[in-house]
Number of protein chains: 2
Amino acid sequence: MKNNNSIPTITAFKSSPDRGRGLARDFRVRWALEEVGQSYNVQLETFEELKKPPYLALQPFGQIPAYKENDLVLFESGAIIFHIAEKHSGLLPAEENARARAIAWMFCALNTVEMPVVEFSTFFFFEKDKSWYNDRLPLAEERIHSMLKKLSTQLGSSDWLEGDFSAGDLLMVTVLRRLESSGVLKSYQNICGYIFRAEARPAYQRAFAAQLAV
Amino acid sequence: MKNNNSIPTITAFKSSPDRGRGLARDFRVRWALEEVGQSYNVQLETFEELKKPPYLALQPFGQIPAYKENDLVLFESGAIIFHIAEKHSGLLPAEENARARAIAWMFCALNTVEMPVVEFSTFFFFEKDKSWYNDRLPLAEERIHSMLKKLSTQLGSSDWLEGDFSAGDLLMVTVLRRLESSGVLKSYQNICGYIFRAEARPAYQRAFAAQLAV
């Protein structure tokens, strides 16, 4: 790894639990950096290292990614991407109200949308062998569809959430992709098209290839 | 309600589901506005109105609060508070790196912390009568304590998360308060003290009285 202080460093899994499907949160930051054309270094970490004091000093919850840039250390993918969007053009609109709206979509992706997505996907992937799984599944499905229906209505036939592609779309797509293998997205054609459009972006593809190479 | 365009308007429940305990998300925004000394108008909404097109045009997920200021409409409490923090001093540090860190704590409160908090509190309050409740409770408790332990370690004996009180603390405290009546916080004395310090702030108390008056 080069020691060039002007190039930021992000942390990523040495061996990602999703086996290269780009669902770990370093992918969001890689994609944002590719969108603005900023090169970066990667510091790979094992699961064991994430739990130890040196890493916890960078990231208090032992999660991926942390971000280092000169004497600034940041954590939370949303905050890192906001920092990148403030330093470079291309991720947030310049006009004041449009910028505030795009930031609202960033928070929406990470709160209103990611809360039920993580709850559902955790249940779907990690509680399948539990005694309560079949009884509780209808409730879990009701909750995720309640959110997806509203998101689908809001998206309508637009290419992106509001105006041009923004950091709000980048975060929203990475959050929604966590549902892909569960099958719940298949009844929302416009959401599937939205994810597909995002995945076709050259910056997305460069970021995907970079995380897969690890 | 006055029609003064320079004063923002927020939406709130006509009849809050928490009966005035300040757990609805309009409280966060009221508190932020009180911290910076900005007066505001309140537009009260019934549950029925939240599901209808006029309200969904303000807030696509039919949630409380939405925020109106001249021709800007915002949603997501995090985004509204960030907008207030950019317009006024008092919620984010001026120094660049400290500001980026405080923004990281805002995202942390609304993502890393609020995800398990909402999952746990929804389970605790709304699934108590379900057949799976007792069997699943240990797993739900393990998840919430895993996060709380790390937060408690990070907080240590500090008054606030990092340096002076910031929008990161404001959001973190409102998120943590959702756990108060579940009893899971009682083993984290420093977190309880942190919430207590926040609740003692004059701006908190003014905001609390204002939402209670409704």
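This one's a predicted model, so the numbers in the text were calculated from it and none came from an experiment. Starting afresh in each chain, residues are numbered from 1 along the sequence in its written order. Key to labels: chains lettered from A, ligands numbered from 1, both in the order written. For a predicted model such as this one, the threshold for reporting local features is a pLDDT of at least 70, and the threshold for listing and counting side-chain atom pairs is 80 or more; totals across whole chains, interfaces and linings nevertheless cover every residue. Water and hydrogen atoms play no part in the side-chain values, which are based on all heavy atoms of the structure.

**Overview of the sheet that holds strand 4 (residues 72-75) of chain B**
In a beta sheet, neighbouring strands pair by backbone hydrogen bonds and run either parallel or antiparallel.
All names here are of chain B.
Part 1 of the argument: Read from one edge of the open sheet, four strands run 2-1-3-4, paired in mixed fashion. A strand with exactly one partner marks an edge of an open sheet, and here the two such strands are strand 2 (41-45) and strand 4. Direction aside, neighbouring strands of the sheet carry axes that sit 25 degrees apart on average.
Part 2 of the argument: Paired strands, as defined in this entry, are two strands with at least two bridges between them according to DSSP. For the purposes of this entry, the term helix denotes a DSSP run of H or I that reaches at least four residues, the term strand denotes a run of E that reaches at least two, and both are numbered from the N terminus. Of the strand pairs in this sheet, strand 1 (residues 9-13) and strand 3 (residues 66-69) are connected by two bridges, and their pairing is antiparallel. Note on strand 3: the bridge partner recorded for Thr 9 is Lys 68.
Part 3 of the argument: Taken strand by strand, helix 1 (residues 26-36) contacts strand 1 and strand 2, and its axis lies near 145 degrees from that of strand 1. Orientation is described by axes fitted as lines to C-alpha atoms, over the contacting stretch for helices, and by angles from 0 to 180 degrees between their N-to-C directions. We call two residues in contact whenever any of their non-hydrogen atoms come within 4.5 Å of each other.

**Points about the relation of the copies chain A and chain B**
Part 1 of the argument: Each copy of the sequence occupies a distinct position, and chain A is placed on chain B by a rotation of 180 degrees and an axial shift of 0.0 Å, giving an RMSD of 0.0 Å. The superposition operator between the copies reduces to a two-fold rotation axis.
Part 2 of the argument: Take the interface residues of chain A: 100% of them recur as interface residues in chain B, which is what a same-surface contact looks like. Each copy is superposed on the other by least squares, with the fit set by C-alpha atoms of residues at a pLDDT of at least 70 in both.

**Points about the packing of aromatic side chains**
For any two aromatic rings, the description comes down to two numbers: the centre-to-centre distance and the angle of the planes.
Part 1 of the argument: Ring pairs are drawn from Phe, Tyr and Trp, using the six-membered ring of Trp, whenever the two centres fall within 6.5 Å, and their geometry is named by plane angle: stacked under 30 degrees, edge-to-face over 60, tilted for the rest. Inspection of every chain in the model, using the stated rule, returns 28 aromatic pairs over all chains.
Part 2 of the argument: Note on Phe27(A) and Trp31(A): the rings are 6.1 Å apart at their centroids and 35 degrees apart in plane angle, and the pair reads as tilted. Separated by four residues within a single helix, Phe27(A) and Trp31(A) lie in helix 1 (residues 26-36), roughly one turn from each other.
Part 3 of the argument: Partly exposed describes any residue whose relative accessible area lies between the buried limit of under 20% and the exposed limit of over 50%, with all areas from a 1.4 Å probe on protein chains only and scaled to the type maximum. Judged by its relative accessible area of 1%, Phe27(A) falls in the buried class.
Part 4 of the argument: A relative accessible area of 0% places Trp31(A) in the buried class.
Part 5 of the argument: A ring pair is formed by Phe75(A) and Trp105(B), whose centres lie 5.0 Å apart and whose planes are at 75 degrees; its orientation type is edge-to-face.

**Details of the environment of Pro60(B)**
Part 1 of the argument: Take Pro60(B): it is sitting in the loop between helix 3 (53-58) and strand 3.
Part 2 of the argument: A relative accessible area of 8% places Pro60(B) in the buried class.
Part 3 of the argument: C-alpha separation for the pair Pro60(B) and Phe107(B), spaced 47 residues apart in sequence, amounts to 21 Å.
Part 4 of the argument: With sequence-adjacent residues up to four places away left out, Pro60(B) is seen in contact with Trp105(A), Lys150(A), Gln154(A) and Phe75(B).

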